[in-house]
4 protein chains.
Amino acid sequence: MTVKFGLLGAGRIGKVHAKAVTGDANAELVAVADAFPAAAQAIADQYGCAVRSIDEIEAAKDIDAVVICTPTDTHADLIERFVKAGKAVFCEKPIDLSLARVKQCLEVVRAHKGTLMVGFNRRFDPHFAAVRAEIDKGTIGDVEMIVITSRDPGAPPVDYIKRSGGIFRDMTIHDFDMARFLLGEEVTEVSATAAVLVDPAIGEAGDFDSVQVLLKTASGKQAMISNSRRATYGYDQRIEVHGSKGAASAENQRPVSIEVATATGYNRPPLHDFFMTRYTEAYAAEIAAFIAAAGGKGAAAPSGEDGLVALALADAAVKSVAEKRTVLVSEVL
Amino acid sequence: MTVKFGLLGAGRIGKVHAKAVTGDANAELVAVADAFPAAAQAIADQYGCAVRSIDEIEAAKDIDAVVICTPTDTHADLIERFVKAGKAVFCEKPIDLSLARVKQCLEVVRAHKGTLMVGFNRRFDPHFAAVRAEIDKGTIGDVEMIVITSRDPGAPPVDYIKRSGGIFRDMTIHDFDMARFLLGEEVTEVSATAAVLVDPAIGEAGDFDSVQVLLKTASGKQAMISNSRRATYGYDQRIEVHGSKGAASAENQRPVSIEVATATGYNRPPLHDFFMTRYTEAYAAEIAAFIAAAGGKGAAAPSGEDGLVALALADAAVKSVAEKRTVLVSEVL
Amino acid sequence: MTVKFGLLGAGRIGKVHAKAVTGDANAELVAVADAFPAAAQAIADQYGCAVRSIDEIEAAKDIDAVVICTPTDTHADLIERFVKAGKAVFCEKPIDLSLARVKQCLEVVRAHKGTLMVGFNRRFDPHFAAVRAEIDKGTIGDVEMIVITSRDPGAPPVDYIKRSGGIFRDMTIHDFDMARFLLGEEVTEVSATAAVLVDPAIGEAGDFDSVQVLLKTASGKQAMISNSRRATYGYDQRIEVHGSKGAASAENQRPVSIEVATATGYNRPPLHDFFMTRYTEAYAAEIAAFIAAAGGKGAAAPSGEDGLVALALADAAVKSVAEKRTVLVSEVL
Amino acid sequence: MTVKFGLLGAGRIGKVHAKAVTGDANAELVAVADAFPAAAQAIADQYGCAVRSIDEIEAAKDIDAVVICTPTDTHADLIERFVKAGKAVFCEKPIDLSLARVKQCLEVVRAHKGTLMVGFNRRFDPHFAAVRAEIDKGTIGDVEMIVITSRDPGAPPVDYIKRSGGIFRDMTIHDFDMARFLLGEEVTEVSATAAVLVDPAIGEAGDFDSVQVLLKTASGKQAMISNSRRATYGYDQRIEVHGSKGAASAENQRPVSIEVATATGYNRPPLHDFFMTRYTEAYAAEIAAFIAAAGGKGAAAPSGEDGLVALALADAAVKSVAEKRTVLVSEVL
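Since we're looking at a predicted model, the values are computed, not measured.

Quick notes on the rules
- Residues numbered from 1 in each chain as written.
- Chains lettered and ligands numbered in written order.
- Predicted model: local features only at pLDDT ≥ 70, side-chain atom pairs only at ≥ 80, totals over all residues.
- Heavy atoms only, no water.
- Helix = DSSP H or I, 4+ residues; strand = E, 2+ residues; numbered from the N terminus.
- Contact = heavy atoms within 4.5 Å.
- Pairing = 2+ DSSP bridges.
- Axes fitted to C-alpha atoms, helices over the stretch in contact; angles between N-to-C directions.
- Buried area = accessible area lost by both parts, 1.4 Å probe.
- Salt bridge = Lys/Arg side-chain N within 4 Å of Asp/Glu carboxyl O.
- Polar contact = N/O pair within 3.5 Å; in protein donor to acceptor, adjacent residues only side chain to side chain.
- Nonpolar A, V, L, I, M, F, W, Y, C, P; charged D, E, K, R; others polar.
- Buried < 20%, exposed > 50% of the residue type's maximum accessible area, 1.4 Å probe, protein only.
- Parallel < 35°, antiparallel > 145°, perpendicular 65-115°, else oblique.
- Left-handed = near helix turned anticlockwise from the far one by under 90°.
- Domains from an automatic or database assignment.
- Least-squares fit on C-alpha atoms with pLDDT ≥ 70 in both.
- Expected span 1.5 Å × (residues − 1).
- Arc of directions from axis to C-beta.
- Bend = angle between axes of the 7 residues up to and from the residue.

A. Quick look at the environment of A33(B). Residues and elements named next belong to chain B. With respect to the helices, strands and loops of the structure, A33 is situated in strand β2 (residues 27-33). Residues A33 and S210, spaced 177 residues apart in sequence, show a C-alpha to C-alpha distance of 36 Å. Leave out the neighbours within four places in its chain, and A33 touches L7, L8, G9, A10, A40, R52, S53, I54 and I57.

B. Broad picture of the sheet that holds strand β4 (residues 65-68) of chain A. Residue and element names in this part refer to chain A. The six strands lie next to each other as β3-β2-β1-β4-β5-β6, forming an open sheet whose pairing is parallel. Since the sheet does not close on itself, it has two edges, and those belong to β3 (50-51) and β6 (116-119), each with one partner. Sheet analysis places strand β2 (residues 27-33) next to β3, joined by two bridges and oriented parallel. Its bridge partner lying in β3, A31 is registered against A50. Against the sheet, helix α2 (residues 37-47) engages β1 (3-8), β2 and β3, with an angle of about 155 degrees to β2.

C. Quick peek at the interface of chain C and chain A. At the junction of the two partners, chain C supplies 47 residues and chain A supplies 47 residues. Buried area between chain C and chain A, both sides added, is near 3500 Å², and the carbon and sulfur share of it is 53%. Ranking the residues of chain C by area buried against chain A places Q212(C), M224(C) and K324(C) at the top, with a combined share of 17%. In this structure, the salt-bridge partner of K324(A) is E189(C), at a minimum N-O distance of 2.6 Å. If you look at where chain C meets chain A, you find 26 residue pairs in polar contact (both at pLDDT 80 or more).

D. Fine view of the interface of chain D and chain C. Contacts between chain D and chain C engage 24 residues on the former and 24 residues on the latter. Counting every contact that joins chain D to chain C gives zero salt bridges. Linking chain D to chain C there are eight residue pairs in polar contact (both at pLDDT 80 or more). Within the residue set of the side of chain D that touches chain C, elements represented by two or more residues are α6 (126-137), β12 (246-250) and β13 (258-262) of chain D. For the side of chain D that touches chain C, the per-class residue count stands at 13 nonpolar, seven polar and four charged. As judged from the five bridges shared by strand β13 (residues 258-262) of chain C and β12(D), these two strands associate in the antiparallel manner. Paired with I258(C) across the strands is A250(D), a residue of β12(D).

E. Summary view of the pattern of salt bridges. All chains considered together, the criterion is met by 116 salt bridges over all chains. Taking the shortest distance from any N to any O, the salt bridge between R52(A) and D62(A) comes out at 2.9 Å. Taken together, the residues R52(A) in the loop between β3 and α3 (54-59) and D62(A) in the loop between α3 and β4 connect sequence positions 10 residues apart. By relative accessible area, which is 21% here, R52(A) ends up partly exposed. Of the charged contacts, one joins R238(A) and E240(C) as a salt bridge, the two residues approaching to 2.7 Å between their closest N and O atoms. With R238(A) in strand β11 (residues 236-243) and E240(C) in strand β11 (residues 236-243), this residue pair bridges two chains. For the pair R238(A) and E240(C), a shared accessibility class is recorded, and that class is buried. Look at the salt bridges and you will find they share partners, linking R123(A), D177(A), R180(A), E186(A) and D306(A) into a network.

F. A look at the packing of helix α8 (residues 167-183) of chain B against helix α12 (residues 304-323) of chain B. Residues and elements named next belong to chain B. At a closest axis distance of 8 Å, the pairing of α8 and α12 adopts a crossing angle of 120 degrees. By the angle between their directions, the pair α8 and α12 is classed as oblique. Note on packing geometry: the crossing formed by α8 with α12 is right-handed. Here F168, R169, I173, F176, D177 and R180 of α8 lie close against α12, whose contacting residues are D306, V309, A310, L311, L313, A314, D315, A317, V318 and V321. Residue classes in the contact of α8 with α12 are distributed as 11 nonpolar, no polar and five charged.

G. The environment of V102(A), seen in detail. All names here are of chain A. With respect to the helices and strands, the residue V102 is situated in helix α5 (residues 99-111). Take V102: its relative accessible area is 2%, and that puts it in the buried class. Sequence separation between V102 and L308 is 206 residues; the distance between their C-alpha atoms is 6.4 Å. Setting aside anything within four residues of it in sequence, one finds V102 in contact with I95, D96, L308 and L311.

H. Region of interest: the domain arrangement of chain A. Residue and element names in this part refer to chain A. Along its sequence, chain A is carved into domain 1 (3-114) and domain 2 (123-279 + 309-332). Its C-alpha centre places domain 1 at a distance of 27 Å from the equivalent point of domain 2. Domain 1 puts nine residues into the contact, and the matching count from domain 2 is 14 residues. Interface area, domain 1 with domain 2, both sides summed: about 890 Å², of which 70% is carbon and sulfur. By the criterion of area lost to domain 2, the three top residues of domain 1 are K93, L97 and L99, representing 63% of everything that side buries. Across the domain 1-domain 2 interface, the total number found is one salt bridge. Residues D170 and K93 are paired through a salt bridge, measuring 3.8 Å at the closest nitrogen-oxygen approach. Along the contact surface separating domain 1 from domain 2 lie one residue pair in polar contact (both at pLDDT 80 or more). Every element with two or more residues in the side of domain 1 that touches domain 2 is listed here: α1 (12-22) and α5.

I. Quick look at the relation of the copies chain C and chain A. For the pair chain C and chain A, the best superposition has an RMSD of 0.0 Å and corresponds to a rotation of 180 degrees with a translation of 0.0 Å parallel to the axis. In short, the pair behaves as if placed about a two-fold rotation axis. Rotation axis and chain C: the residue whose C-alpha lies nearest the axis is R325(C), separated from it by 1.9 Å. A share of 100% of the interface residues of chain C reappears at the interface of chain A, consistent with the copies meeting face to face through the same patch.

J. Structural context of the relation of the copies chain D and chain C. Least-squares fitting of chain D to chain C yields an RMSD of 0.0 Å, with the superposition described by an axial translation of 0.0 Å and a rotation of 180 degrees. Same-surface contact between copies: 100% of interface residues of chain D are shared with the interface of chain C.

K. The arrangement of helix α6 (residues 126-137) of chain B in detail. Residues and elements named next belong to chain B. Counted at 1.5 Å a residue, the expected span for α6 with its 12 residues is 16 Å, and the 16 Å between its end C-alpha atoms agrees. Within the span of α6, buried status applies to H127, F128, A130, V131, E134 and I135. When α6 is viewed along its axis, its buried side chains cluster within an angular range of 160 degrees and face the same direction. Turned more than 90 degrees from where α6 packs its buried face, D136 and K137 sit exposed. One or two positions beyond α6, positive phi appears at G138, with a value near 90 degrees.

L. Spatial organisation of the sheet that holds strand β1 (residues 3-8) of chain D. Residue and element names in this part refer to chain D. With parallel pairing, six strands are arranged side by side in an open sheet as β3-β2-β1-β4-β5-β6. Single-partner strands in this sheet number two, and they are β3 (50-51) and β6 (116-119). Sheet strands touched by helix α1 (residues 12-22): β1, β2 (27-33), β4 (65-68) and β5 (88-92). Its angle to β2, the strand with the most contacts, is close to 150 degrees. Its contacts with the sheet put helix α4 (residues 72-84) on β1, β4, β5 and β6, and the angle it makes with β5 is roughly 170 degrees.

M. Seen up close, the packing of helix α5 (residues 99-111) of chain B against α12(B). Residues and elements named next belong to chain B. Taken N-terminus to C-terminus, the directions of α5 and α12 make an angle of 170 degrees; their axes are 10 Å apart at the nearest point. On the basis of the axis angle, α5 is roughly antiparallel to α12. Within the contact between the two elements, α5 uses L99, V102, K103, L106 and R110 and α12 uses G304, E305, L308, L311, A312 and D315. Residue classes in the contact of α5 with α12 are distributed as six nonpolar, one polar and four charged.

N. Inspection of helix α8 (residues 167-183) of chain C at higher detail. Approximately 55 degrees is the largest bend angle found in α8(C), and it occurs at I173(C). Buried residues dominate α8(C), accounting for 17 of its 17 residues.

Here it is in structure tokens:
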């Protein structure tokens with residue numbers, strides 16, 4: 001069965017998903033909608049699909065599933081509308097910046113037995129997925145301590161920062177999800193530190209650019225996260241899981257893996273400098289997983305609940321920084 | 001301008017090129033031909049092109065360029081036919097197993113001012129190309145000594161071996177081309193050793209499975225090649241260039257780059273186990289280069305002459321093993 | 001000038017320092033004392049020095065400096081005695097498990113203008129020292145975020161644990177010192193999590209075996225530490241410093257650095273499995289630095305104050321775990 | 001039993017061995033001789049041994065073993081004299097530059113049932129030894145193809161070159177021995193290429209500075225060697241063994257193993273720049289093995305015959321370059 005898609009939002013990430021959908025033998029991109037007609041038309045021209053309004057896609061009989069890549073503040077509404085319309089829904093993270101709104105939205109999804117998958121693309125990175133597979137195989141025994149390093153090549157514009165919900169909800173949220181994906185047990189406690197070291201303008205916008213987080217589960221499993229909005233050497237994305245029998249780690253990826261030796265030493269090129277080239281394979285695998293779920297093969301994961309819990313961890317981190325204390329997840333969720 | 005393609009040969013490598021052509025925005029796959037109609041039809045179905053005979057493609061007004069992926073013994077004839085028909089020609093290596101026949105064929109290409117590119121895909125591997133770029137930038141000074149390690153995961157069937165022209169013409173030929181690509185000066189002398197260590201059946205077929213070659217240029221630049229038809233750990237493909245100011249190397253590639261540490265040590269997964277997954281990017285970049293050349297943007301490289309010289313080095317290696325001596329390239333070319 | 005040494009304590013670490021002292025051209029080992037005469041005699045026999053009592057060493061005219069390797073609860077008393085006796089003092093960490101006692105002891109050292117160096121050997125590891133040198137050279141710009149991973153191959157006996165002051169004062173204290181060594185600014189805030197994951201007996205002894213710590217300075221520089229009392233793959237000791245212009249890291253060390261590739265992948269041997277083989281070079285360099293300081297060339301560093309502050313960070317971590325909050329260093333120091 | 005040593009030659013390598021002998025609990029350095037009294041005295045002062053003449057050492061009752069570090073042209077004579085005097089003999093490579101003289105010398109050793117060990121220190125490098133151990137354990141199956149890369153940081157003075165016997169006998173000889181150590185079967189055929197790329201003065205002295213060698217055994221096992229007298233990035237010493245079940249390799253060693261990431265990429269420091277720092281552990285292990293053999297525990301290996309065969313391979317390489325052909329070892333040995 002071919003899953004027929006509508007794409008909502010034709011921006012940067014919309015293009016990534018358009019490519020993934022059209023490149024998948026089990027899917028067909030039927031229509032695209034965007035507030036800017038030219039953006040929608042560009043995708044329509046490239047992939048031979050129709051330009052339609054969101055209303056038209058909602059009403060369409062020839063569309064089974066939608067990918068939501070519109071601005072964050074429209075996500076929850078669109079999820080509710082399209083679940084009600086009987087479409088399978090893939091939504092970019094986050095569902096909303098308000099936990100209350102996310103909970104409300106997930107109520108609607110549950111009420112309509114909807115299919116909802118949230119875009120935590122990193123779970124589908126082949127290297128991170130391979131680390132998880134080693135855990136599942138038991139190679140490293142019981143998971144005990146996780147270290148996640150996640151640094152962006154550069155900070156986004158301050159305008160973006162202002163609408164982002166802050167670094168914990170915008171950037172660390174991926175690491176919260178990754179920690180949950182690997183810990184195999186729910187996080188119960190969150191401690192965090194935060195500072196502005198990269199750009200004072202980020203501080204003036206009320207946000208931080210350099211943060212650290214400690215997570216702990218009920219049984220004592222622990223994870224720590226180091227985030228910075230700047231890394232001169234590229235997009236720094238590493239995870240390491242230490243267990244009772246060993247450890248598994250996924251190293252950084254670079255577009256070209258050569259080494260040049262001269263009198264000053266041995267030099268390897270910088271890392272990928274952009275999340276889209278770093279996670280090319282992850283985006284394709286993510287959409288393939290959604291296509292399978294939309295086609296009735298397996299549950300949609302990461303689920304709306306995964307989106308909810310990751311946001312709760314972000315809220316707990318915000319609170320931990322503000323109140324200089326360990327915050328129980330049960331306080332915010 | 002879109003370059004319109006005919007594909008001759010719908011086997012394993014034909015499929016690779018069909019994917020590359022259809023994935024390139026500057027190309028269109030118009031038709032495919034194969035002695036086995038079902039093979040051609042499978043590609044036609046997948047990419048929405050026509051099935052035609054070779055004669056039809058030769059006569060077609062709507063085809064600008066062909067990709068020749070038919071058996072080796074048809075290459076030279078097809079090159080001549082399609083060059084005469086005014087099509088740009090991309091031909092898988094080798095042009096022919098006979099140097100004399102290759103020379104004759106290239107005469108025809110020259111006489112018709114044809115565009116001919118030969119499929120030495122490794123030049124287009126991003127990692128090997130980056131090594132070459134470092135040489136061109138002068139980072140490592142003058143090239144002096146090259147080491148090429150090239151080992152297949154496993155030997156091909158003996159039937160294939162029998163028709164292959166032998167390991168030097170079938171397998172080492174890629175390394176001869178790579179050495180030429182990196183040396184920046186023509187090879188003048190060849191010394192080789194050869195043995196059967198992997199499979200006695202290969203020896204019974206008159207071939208070797210484990211060989212070493214030394215190359216030398218007039219100015220004394222040197223290269224050495226180590227080949228084996230077997231590597232339990234995957235498709236082993238490394239180059240290293242030592243120069244007056246430093247060295248540049250391209251390491252092996254693996255599908256998943258994690259590391260697992262246990263009481264027995266630190267383990268990384270095996271390499272790619274198949275040339276098609278190892279060289280996915282190289283095949284796409286190779287066809288992109290041909291599309292550019294076919295579209296009039298730049299010369300076709302590697303050229304027919306590159307194919308000729310690599311074959312001559314293979315012939316010299318065969319002779320070196322047989323006569324236990326250093327063979328001058330001028331003796332065979 | 002040759003610095004003449006008395007060694008107090010002939011146990012495991014005493015032997016390490018005896019070797020370092022006798023191997024240094026600027027030092028001479030004159031005498032050794034130990035509560036167990038046989039232990040002292042073994043060192044005397046091996047290195048040709050005398051066995052003396054602590055009192056005799058204190059009174060000796062032919063001894064300039066002492067190395068204190070006796071049990072922790074004797075450190076502060078011995079420091080005071082030997083500083084009063086005019087000897088330069090090298091003392092293994094910690095000075096004492098009580099901050100108050102350490103402060104008192106340092107008062108005595110100051111009053112007598114004594115030379116006191118504390119045994120934070122890792123500062124002298126050539127790899128960690130090279131990371132610090134890169135910071136000092138400005139290669140990575142301003143230090144912003146540090147990640148320290150420190151895991152022992154296996155837990156010490158529970159009897160040791162009980163006398164150790166707990167994991168933060170016994171094990172993490174090295175990482176606290178390393179963080180201070182690299183941050184270049186005093187830590188003002190400490191947050192920690194802790195659990196028993198390795199051995200329930202450690203929990204029964206009132207200690208933890210798996211801990212995480214976040215550190216922060218007044219200007220917002222941050223460090224995080226991951227500790228475990230167990231690592232099947234060896235003695236895991238890594239540091240990574242992220243700065244405004246780049247990052248510097250020191251990787252793990254192994255006794256033998258080969259790689260073996262088979263059908264199951266590429267395997268490198270485990271790490272060092274013992275701190276003495278891991279830090280062989282560090283111990284020698286540490287004593288060389290003390291010999292220089294004792295001989296009047298340069299200040300003794302790490303100093304008694306460095307020992308004091310590292311212990312204060314440990315106390316803050318203990319408090320943070322107990323009270324589930326961020327602890328200001330000013331609360332404990 | 002303590003083995004009592006006389007050291008013949010107090011130059012650079014003599015100092016290395018003096019340190020190894022005095023650092024070994026089973027040996028004692030009794031006396032040192034050198035044509036330059038000041039050189040001998042320096043070692044005597046440092047290690048507390050006597051200065052004696054070679055004649056006195058030969059006649060001494062209190063000396064069991066000698067280490068010969070004098071100029072090459074004295075080696076064979078001294079071996080004969082000291083074997084006749086009943087001393088165990090360790091001699092730096094080569095025994096002599098003339099195969100005939102080496103054979104004659106070994107006759108004398110055999111006639112007197114002497115103990116002779118030749119200084120191929122690399123066999124004792126822990127990393128190379130670990131590769132050999134993997135072969136012995138069967139991890140990589142039957143050895144099939146070896147690649148040895150060996151490059152000096154810089155060329156020696158031309159005066160040294162002139163007396164050296166040429167690059168094959170002076171430098172490649174270590175790689176010939178390493179190939180034999182790893183192949184597990186005698187080499188029967190040698191092919192080589194050679195050029196002057198580093199320094200024309202080396203060519204004017206009748207030598208080469210950049211060479212390649214192919215080796216082959218009767219059963220078809222093969223090895224290849226790449227040598228250069230220059231490597232800007234340090235002392236480049238790598239071996240790789242490919243077998244029927246896998247491969248084992250020993251990578252380069254560097255004094256400090258950090259990595260610094262900046263906008264231009266990831267940089268590791270250069271390699272060791274001197275054979276003495278690179279092979280510190282090897283020199284100590286080599287002398288320990290000789291002490292064991294001199295003390296009657298095990299045979300002396302590498303033996304005089306190992307020295308002979310490595311020299312024969314060098315002679316065959318010289319002949320191969322001169323005659324542009326594969327040379328059988330049986331032609332020269």
